[in-house]
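Listed here are the chains, written in short residue letters.
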Amino acid sequence: KIPHISLCVSATDFEAPAKAVLSHKAWVYASSSANTGLSLRKNIDDWSLINFRPRVLRNVGDVDMRMSILGHLSELPFYLSPMGTMGMIHSGAEPEMVKGAVRKGIHMVVSTASSKTTEQIMESCIEEQKWLNNASPTCLFFQYYIPVNRERAIALLKKAKAAGYKGIWITVDTPVLGKRTADRQLQAEEALSVGLLDVPPAREPGEENAFAPAFGGRAVPGQLSPHTTWGDLKWIREEWGGPIVLKGIQCAEDAKLALESGCQGILLSNHGGRQIHSAPSALMTLLEIRTYCPEVFGELEIFLDGGVRDGADVLKALCLGATAVGVGRPYLYALAAYGAQGIGRCTDILAEELATAMRLLGITSLDQARPDMVNASRLINE
Ligand code: FNR
């Protein structure tokens, strides 16, 4: 039913096989985006507005792609982005993704809305590490949706800490769920098919169960709080006591606030184009930060995700000052079609593209990536 895995030679090649194996419902959940799809398109398109400025004759025989995320060595400067309810995508769910990540020595951020418990997912990481004689540097971070109920919120942090997660990535771009158009369409079709002519209305911002109707997946445990503010970072920091990254920063002012709030990192992201309509791409936000608060570069680790489909994209981000890059849907599609093997294959493809791009750009290690190696003027003038 699906092509042999060796026929996947680009990160985008997993999409068609995934569509072939997934139920329509799961496909819609995975591929949908907000409103007219503009935010998603921009995520993909903006990478093409950056050009390299290659240097030649530089002895690029050996390349080293290793780096660290929050002090933890990674074989490559990209990681698996958190995605909820992977049980809909593959029977092995998140543990299957973890296996693939461990085999390649890259990190993974595990979603609060995972299909397996935080402990089960960590266990699968430890198991796979043992299998490889602990030769893999992979570690797991925990993506934190702040539950409404404070006790539950604290309990969730304690659980993640006890299980051995190395940092939390607080998702801040989801006070309410964005309008996922394809999901709404499917909801309406399903309602009509059972003779229900009135589809329940969309949830209003501010409702406590803002995340509960998330189509296709189960509700986020404890559900999301739309009332969270910068002030809440104080108790979270105290309860967690470890590194914090804010996931979903979309402008320079908030990058600065993140720095002032004592975070260790920010992830420039618009949630894969699934939240606000007409969001800036993470690349645009990165350029904005370079202009308006360059001081954060020396102080925070700066991650970025959205639309990364080629290893060369990773290098563009690193040239502009990013620490590492997150990859979402390509891994989801690879998981759907080929399980852990797909995660490995997708990683190898991106790694090879990155290594080739580094050599052709004239560098042999990631710390040599510099802003003058790219021309971002088309994106700046947009
Ligand atoms: C996501 N994303 C996400 N983010 C998050 O913080 N918590 C979550 O549970 C999820 N769940 C989720 C499910 C699915 C199906 C997708 C596609 C995305 C967003 C994700 O972490 C990341 O920001 C984007 O996926 C990156 O964009 P690309 O690589 O998919 O283009």
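Each value, and the rule that gives it
Residues numbered from 1 in each chain as written. Predicted model: local features only at pLDDT ≥ 70, side-chain atom pairs only at ≥ 80, totals over all residues. Helix = DSSP H or I, 4+ residues; strand = E, 2+ residues; numbered from the N terminus. Rg over C-alpha atoms; globule rule 2.2 N^0.38 Å. Buried ≥ 20, exposed ≤ 12 C-beta atoms within 10 Å, placed from the backbone. Contact = placed C-beta atoms within 7 Å. Near = placed C-beta within 6 Å. Nonpolar A, V, L, I, M, F, W, Y, C, P; charged D, E, K, R; others polar. Right-handed = clockwise from strand over helix to strand, strands pointing away. Pairing = 2+ DSSP bridges. Axes fitted to C-alpha atoms, helices over the stretch in contact; angles between N-to-C directions. Parallel < 35°, antiparallel > 145°, perpendicular 65-115°, else oblique. Left-handed = near helix turned anticlockwise from the far one by under 90°. Core = buried A, V, L, I, M, F, W, Y, C linked by C-beta atoms within 7 Å.

### Comments concerning the overall build of the chain
Argument step 1. In terms of helices and strands, the chain carries 14 helices and 12 strands.
Argument step 2. A globule of 382 residues ought to have a C-alpha radius of gyration of about 21 Å, and the chain, at 20 Å, matches this closely.
Argument step 3. If you line up the chain on its principal axes, its C-alpha atoms span 70 × 50 × 50 Å.
Argument step 4. When the 382 residues of the chain are sorted by exposure, 49% land in the buried category.
Argument step 5. For the chain, long-range pairs separated by at least 24 residues make up 75% of all intrachain contacts whose partners lie at least 6 apart in sequence.

### A word on the site of the ligand
Argument step 1. In the vicinity of the ligand lie 24 residues, with Gly 84, Ser 111, Gly 272, Gly 328 and Arg 329 positioned nearest.
Argument step 2. Elements with a contribution of two residues or more to the shell around the ligand: α2 (24-31), β11 (324-327) and α13 (329-361).
Argument step 3. Residue classes in the shell around the ligand are distributed as 8 nonpolar, 13 polar and 3 charged.

### Section: the environment of Trp 230
Argument step 1. Within the element layout of this structure, Trp 230 appears in the loop between α7 (181-193) and α8 (232-240).
Argument step 2. For Trp 230, a count of 13 C-beta atoms within 10 Å gives the class partly exposed.
Argument step 3. Residues Trp 230 and Val 172, spaced 58 residues apart in sequence, show a C-alpha to C-alpha distance of 9.8 Å.
Argument step 4. The contact partners of Trp 230, leaving out residues within four places of it in the chain, are Leu 257 and Ser 261.

### Description of the pairing of strand β9 (residues 265-268)
Argument step 1. Of the two faces of β9, the one carrying Gly 265 and Leu 267 and the one carrying Ile 266 and Leu 268 are both buried.
Argument step 2. Traced from strand β8 (residues 244-249) through helix α9 (residues 252-260) to β9, the parallel crossover comes out right-handed.
Argument step 3. Pairing of β9 with strand β10 (residues 301-305) involves 4 bridges; the strand directions are parallel. Along β10, the bridge assignment pairs Leu 268 with Leu 304.

### Considering the packing of helix α12 (residues 311-319) against α13
Argument step 1. Where α12 meets α13, the axes come as close as 7 Å, and the angle between the chain directions of the two elements is 55°. Our classification of the angle between α12 and α13 gives oblique. In the packing of α12 onto α13, the handedness of the crossing is right-handed. Facing α12, whose interface residues are Gly 311, Ala 312, Val 314 and Leu 315, α13 presents Leu 350, Ala 351, Glu 352, Glu 353, Leu 354, Ala 357, Met 358 and Leu 361.
Argument step 2. Among the residues forming the contact of α12 with α13, the class breakdown is 9 nonpolar, 1 polar and 2 charged.

### Points about the nonpolar core
Argument step 1. Ile 266, Leu 286, Leu 304, Ala 322 and Val 325 are the most contacted members of the largest nonpolar core, which totals 108 residues.
Argument step 2. Considering every element that reaches this core, the biggest residue donor is α13, with 17 residues.
Argument step 3. The contacts of Ile 266, once residues within four sequence positions are left out, are Val 245, Leu 246, Ile 249, Ala 255, Ala 258, Leu 300 and Ile 302.

The values reported here are purely geometric and, on their own, carry no functional implication.
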